[in-house]
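One letter stands for each residue in the lines below.
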Amino acid sequence: MYVAANNRYDVLPIRRVGHTGLQLPIISLGLWRHYGSSDPYADRKQIILSAFDHGIFSFDNANNYGKPDIGSAEQLFGQVYQDSLKPYRDELVVTTKVGFETGVGPYAQFNSRKNILQAIDRSLTNLQMDYVDIYYSHRPDPNTDFEETALALAQIVQAGKALYIGISNYDAEQTKKMVKLLQDLQVPFVVNQSSYNMLQTRVKDDGLLATLKDFNRGFVAYGPLCEGLLTDRYLNGIPADFPIHWSNADIFANGKEAVVVQLNQLNKIAQNRQQTLAQMALAWILRDQTVSSVIIGTTSEKNLLANIEAGQNLEFSDDEVSAINAILKQ
Ligand SMILES: NC(=O)c1ccc[n+]([C@@H]2O[C@H](COP(=O)([O-])OP(=O)(O)OC[C@H]3O[C@@H](n4cnc5c(N)ncnc54)[C@H](OP(=O)(O)O)[C@@H]3O)[C@@H](O)[C@H]2O)c1
C-alpha cells in the first residue's frame, strides 16, 4: 500500500494564488503528452506518486488529453487516485479542462453550455472523483457569448463539481471580459493558464500577467521548458520534425539554428549558477510572483526530481538578469 512521504511539504515552495485561498506548489505535473491508454501505467503511476512525495500536489489534466483514447489521461490519473492517492484527496489540487475537441460534432468542443455541462460529468467519471479543484475553460470560443460560458461555469461550482474556475489560452482582453463576468456571478475565478517560457513571453508582452495582478489572481504557466527545448537535450541541434506546440511555433521565426545559439548561451549562465538549463528556465519565469505555478510534463523520474530542485535557487542577480535578457532579445 502506498504511504506518502512524511516530508513531502519540506521540498518545494508553495505560493498563494493572488489574494485567493488557493495555494499551489511552484511546480505542477501535467498529463498532456504520454499519459494515455497506450502508455505504461506502472511507470506513469510511479512518476505521479514520486511527484506527490516531493511536494507536487497539483496535477493538471484536460478532457482531451490521452492517446489513442481521448480522455484516457484523466482515466489514468483516476486509476492512480483509486489505487493510491484517495486517502490524500484533501491535499490534492486536481485540475481539468473543457474546450478542445473530444469527438465529432458541435458539442464535442468549445464552450457552449451544453458541451461544458456534459463534459464535467464525463471528466469526473474518468477521474473517479466527486469534484475537481480547478475547472478550466481550455480556450476562448469565438462563437459562444462569454456570458453563456460564464453561467455554465458558475453552475458547475454551485453544483459542487468544481471548487474554483480557471481560464486557459485567453489573452489579456479576453481575460478582463471573462473575469468581470465571473465576478458578477460571484464565481471563484483563480487563474489563467497559458503558454510561458523564456523563449515565449506573449503573456507578459500582451499585458496578461499585469491584468491578473490587477485582479489579484494568479497565472499558471504551461510548457515552461518549451516542450524540452529549454533543457540540455538540444544544445547540438533541434531535429527537423521537432513537435512544437502551436503556442510556441513563432519561436522558430529566425530558424532553429538561432534558437540553438541562444540555448547554448543560456546554458553557460545556468552552469555558472550551478543549475541545469531546465532548472534555470523554471526559476526564471517564477521570478514574477503572479506566476503561481509552472506545469511541467515528464515521463522520467530523473527529470522530475531534477526539475523539482529548481525551487532551491529562484534568485537572479542583476548581472544575470541583464545577460539573460540580452540573449533573449537576439
Ligand atoms: N492549457 C493548455 O492549452 C496546455 C497546452 C500545453 C500543455 N499544457 C499543460 O502543461 C503541461 C506541460 O506541458 P509540456 O509537456 O509542453 O511541458 P514542458 O515541461 O515544457 O516540456 C515537456 C518536455 O520536456 C522534457 N523534459 C522535462 N524535464 C526535462 C529535463 N529536466 N531534461 C530534459 N528534458 C526534460 C520532457 O521529456 P521527458 O518526458 O523525457 O522528461 C518533455 O518532452 C501539460 O502536460 C499540460 O498539463 C496545457
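For the structure, see preceding data.
Residues numbered from 1 in each chain as written. Predicted model: local features only at pLDDT ≥ 70, side-chain atom pairs only at ≥ 80, totals over all residues.

S.K.: Whenever I open this one, the overall build of the protein chain confuses me. Can you help?
M.R.: Each helix and strand counted, the protein chain has 11 helices and 10 strands in total. Whereas a compact globule of 330 residues would reach a radius of gyration of roughly 20 Å, the protein chain reaches 19 Å, a difference of no more than 12%. Overall, the protein chain is about 50 × 50 × 40 Å in size when its C-alpha atoms are taken along their principal axes. Residue burial in the protein chain is summarised as follows: out of 330 residues, 45% are buried. Here the contacts in the protein chain between residues at least 6 apart in sequence split such that 77% fall between residues at least 24 apart. (Helix = DSSP H or I, 4+ residues; strand = E, 2+ residues; numbered from the N terminus. Rg over C-alpha atoms; globule rule 2.2 N^0.38 Å. Buried ≥ 20, exposed ≤ 12 C-beta atoms within 10 Å, placed from the backbone. Contact = placed C-beta atoms within 7 Å.)

S.K.: Would you mind going over helix α1 (residues 41–53) with me for this structure?
M.R.: Given 3.6 residues per turn, any residue in an α-helix points the same way as the ones three and four places further on. The end-to-end C-alpha distance of α1, which contains 13 residues, comes to 18 Å, matching closely the 18 Å that a straight helix rising 1.5 Å per residue would cover. Within the sequence span of α1, burial applies to Arg-44, Ile-47, Ile-48, Ala-51 and Phe-52. When α1 is viewed along its axis, its buried side chains cluster within an angular range of 135 degrees and face the same direction. Exposed positions of α1 whose direction lies more than 90 degrees from the buried face are Ala-42 and Asp-43. The inward-facing, buried residues of α1 contact β3 (27–30), β4 (58–60), α2 (72–85) and α10 (301–308). Positive phi appears at Gly-55, one or two residues downstream of α1, with a value of about 100 degrees. (Expected span 1.5 Å × (residues − 1). Arc of directions from axis to C-beta.)

S.K.: Just to check I follow, could you spell out unusual backbone geometry for this structure?
M.R.: The bulk of non-glycine residues show a negative phi, and the bulk of peptide bonds are trans. Residue Pro-68 is reached from Lys-67 by a cis peptide bond, and omega for that bond is -5 degrees. In this fold, Pro-68 is placed in the loop between β4 and α2. Positive phi values are uncommon outside glycine, yet Glu-227 reaches one of about 60 degrees. Tracing the sequence through the fold places Glu-227 in the loop between β9 (218–222) and α8 (256–272).

S.K.: I would appreciate a short explanation of the sheet that holds strand β7 (residues 162–168) in the present structure.
M.R.: In spatial order, the strands read β3-β4-β5-β6-β7-β8-β9-β10; together these 8 strands close into a barrel with parallel pairing. Across the sheet, the mean angle from the axis of one strand to that of its neighbour is 30 degrees, orientation sign disregarded. As paired strands, β3 and strand β10 (residues 291–296) are joined by 3 bridges and run parallel to one another. Within β10, the residue paired with Ile-27 across the bridge is Val-294. (Pairing = 2+ DSSP bridges. Axes fitted to C-alpha atoms, helices over the stretch in contact; angles between N-to-C directions.)

S.K.: Which parts of the structure should I look at to understand the site of the ligand?
M.R.: Residues in contact with the ligand amount to 29 residues; listed here are only the nearest, Gly-30, Trp-32, Tyr-222, Gly-228 and Gly-297. Looking at the shell around the ligand, the elements with two or more residues in it are β10 and α10. With 3 residues, the single largest contributor to the shell around the ligand is α10. Looking at the shell around the ligand, its residues break down into 10 nonpolar, 15 polar and 4 charged. (Near = placed C-beta within 6 Å. Nonpolar A, V, L, I, M, F, W, Y, C, P; charged D, E, K, R; others polar.)

S.K.: So what exactly am I meant to see when it comes to the nonpolar core here?
M.R.: Buried together is how nonpolar side chains tend to be arranged in soluble globular proteins. Core analysis: the largest hydrophobic core is formed by 89 residues, its most contacted members being Leu-153, Ile-165 and Val-294. For this core, the element with the most residues is helix α9 (residues 277–285), which contributes 8 residues. Not counting the four nearest positions on each side in its chain, Val-294 is found in contact with Ile-26, Ile-27, Ala-221, Pro-224, Leu-282, Ile-285 and Leu-286. (Core = buried A, V, L, I, M, F, W, Y, C linked by C-beta atoms within 7 Å.)

S.K.: Even after reading the chapter, I still don't get α8, so can you show me in this structure?
M.R.: Helix length check: α8 (17 residues) gives 25 Å between terminal C-alpha atoms against 24 Å at 1.5 Å per residue, within 8%. Residues of α8 that are buried: Val-259, Leu-263, Leu-266 and Ala-270. Viewed along the axis of α8, the buried residues span an arc of 75 degrees, placing them on a single side of the element. Exposed and facing more than 90 degrees away from the buried side of α8 are Glu-257, Lys-268 and Asn-272.

S.K.: Help me understand the environment of Lys-302, please; the structure alone is not making it clear to me.
M.R.: Mapped onto the fold, Lys-302 is located in helix α10. With 117 residues separating them in the primary sequence, Lys-302 and Leu-185 have C-alpha atoms 44 Å apart.

S.K.: What is the right way to look at the pairing of strand β8 (residues 189–195) in this model?
M.R.: Remember that side chains alternate between the two faces of the sheet whenever the strand is regular. Most of β8 is tucked away, with 7 of its 7 residues classed as buried. Inspection of the sheet shows β7 paired to β8 by 4 bridges, in the parallel sense. When the sheet's bridge partners are listed, Ile-167 is paired in β8 with Asn-192. The sheet contact formed by β8 and β9 spans 5 bridges and is parallel. Looking at the pairing, Ser-195 lines up with Tyr-222 of β9.

S.K.: What am I meant to see in the environment of Asn-325 here?
M.R.: Summarising the element assignment, Asn-325 is placed in helix α11 (residues 318–329). Among the residues examined, Asn-325 registers 9 C-beta atoms within 10 Å and is labelled exposed.

Read these as geometric descriptors, not functional statements.
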